[in-house]
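These are the residues of each chain, in order.
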Amino acid sequence: MSKPSRVWPLVAVVVLLFLINLPLGHLWWTSHRLDTDGQTTTAAVDEAKQVGGGDSVRYFVTFTLPRDVDPEEQTYSEEVDRSTFLGAKDTKTIEVTYLVGKPSANRTVGQVPPGDVALLLTGLADLAVLMMFALMIWVRRHDVLELLATTDVVRCKPEDLIEDLEGGQLLVRGDVMEINDDDILMICRGKKVRVILCGFANPVGHQQPAEARGRKVPPR
């Protein structure tokens, strides 16, 4: 049976992808709940600030929800469109949709949603993780010396040895790292050696020293 070490890299990739996409996923879910369950109130504008200029100008509004909505009266800030900004600056109020019991989940009228940059960065991060995983699989597959066993695997004294024998065979001694139905994985001199049993027996247990003889499988 395969050892769990083959599963952990995949688990790590899934966890990384989950963490990378969590912010956008949370944003989408919050927006969905605001659309379906949100309540609307009038918030007090603490500050209306314009950032930048020309075509790159952006508008931000800092506001506080009513005490009956948010007893802690926390301050929130959001980017809004120009017309909402001008209205908030003039009236010192802004309409806000919020979730009852969770005032931090809120959205102003005229809010500017995250642009393509957030999606692009998330996509690039996802791609980088997938490429690293693919590279790891490639290295793991191609950086392993493979032998077709010509005799049974036997126990031996602890020793790291890779020795050429007559007839194009190799003698390998090292610790057994994985035991599968049709092969074993050994570590010898820091190199992984996969011994394909070809019907021969393996009486050696996990993390025990073993000796294997076989013919080298040409690189694919």
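Note: the structure precedes this text.
Nothing here was measured: the structure is a model prediction, and the numbers come from that model.

S.K.: Any chance you could explain the pattern of salt bridges here in plain terms?
M.R.: Between side chains of opposite charge, pairing is possible as soon as their charged atoms come close. Within this structure, the stated rule accounts for eight salt bridges. Overlapping salt bridges bring together Glu-159, Arg-173, Glu-211 and Arg-213 as one network.

S.K.: Would you explain the sheet that holds strand β4 (residues 93–99) in this entry?
M.R.: Across a sheet, strands are paired by hydrogen bonds formed along the backbone, either parallel or antiparallel in direction. On the basis of which strands lie adjacent, the open sheet formed by five strands has the order β3-β2-β1-β4-β5 and antiparallel pairing. In this open sheet, the two edge strands, each paired with only one partner strand, are β3 (75–80) and β5 (102–108). In this sheet, adjacent strand axes meet at a mean angle of 45° when their direction is disregarded. One ladder, built from seven bridges, connects strand β1 (residues 39–51) with strand β2 (residues 58–64); its direction is antiparallel. Residue pairing for β2: Lys-49 is matched across the bridge by Phe-60. In this fold helix α1 (residues 8–37) packs onto β1, β4 and β5, with an angle of close to 85° to the strand it touches most, β5.

S.K.: Looking at this structure, I do not really get the packing of aromatic side chains. What am I missing?
M.R.: The relation between two aromatic rings is expressed through the spacing of the ring centres and the mutual angle of the planes. One pass over the full model with this rule turns up three aromatic pairs. With a centroid separation of 6.2 Å and an interplanar angle of 35°, the aromatic rings of Trp-28 and Trp-29 are classed as tilted. A relative accessible area of 45% means that Trp-29 is categorised as partly exposed.

Calculation rules
- Within each chain, residue numbers correspond to sequence positions counted from 1 in written order.
- Reporting of local features is limited, given that this is a predicted model, to residues whose pLDDT is at least 70; pairs of side-chain atoms are given and counted only at 80 or more, and all residues count toward the totals for whole chains, interfaces and linings.
- Here the side-chain values reflect all heavy atoms present in the structure, with hydrogen atoms and water set aside.
- Salt bridge, as used here, is a side-chain nitrogen of Lys or Arg placed within 4 Å of a carboxyl oxygen of Asp or Glu.
- At least two bridges found by DSSP between two strands is the condition for calling them paired.
- Each helix is a run of DSSP H or I of at least 4 residues and each strand a run of E of at least 2, with the numbering of both proceeding from the N terminus.
- For helices, the fitted line uses only the C-alpha atoms of the stretch in contact; every axis is such a line through C-alpha atoms, and the angle between N-to-C directions lies from 0 to 180 degrees.
- In this analysis, two residues are considered to be in contact whenever any of their non-hydrogen atoms come within 4.5 Å of each other.
- The pairing test for Phe, Tyr and Trp rings, Trp by its six-membered ring, is centres within 6.5 Å, and the orientation test on the planes gives stacked under 30 degrees, edge-to-face over 60, and tilted for anything in between.
- Relative accessibility decides the category of a residue: with a 1.4 Å probe and only protein chains considered, values under 20% of the type maximum give buried, values over 50% give exposed, and everything between is partly exposed.

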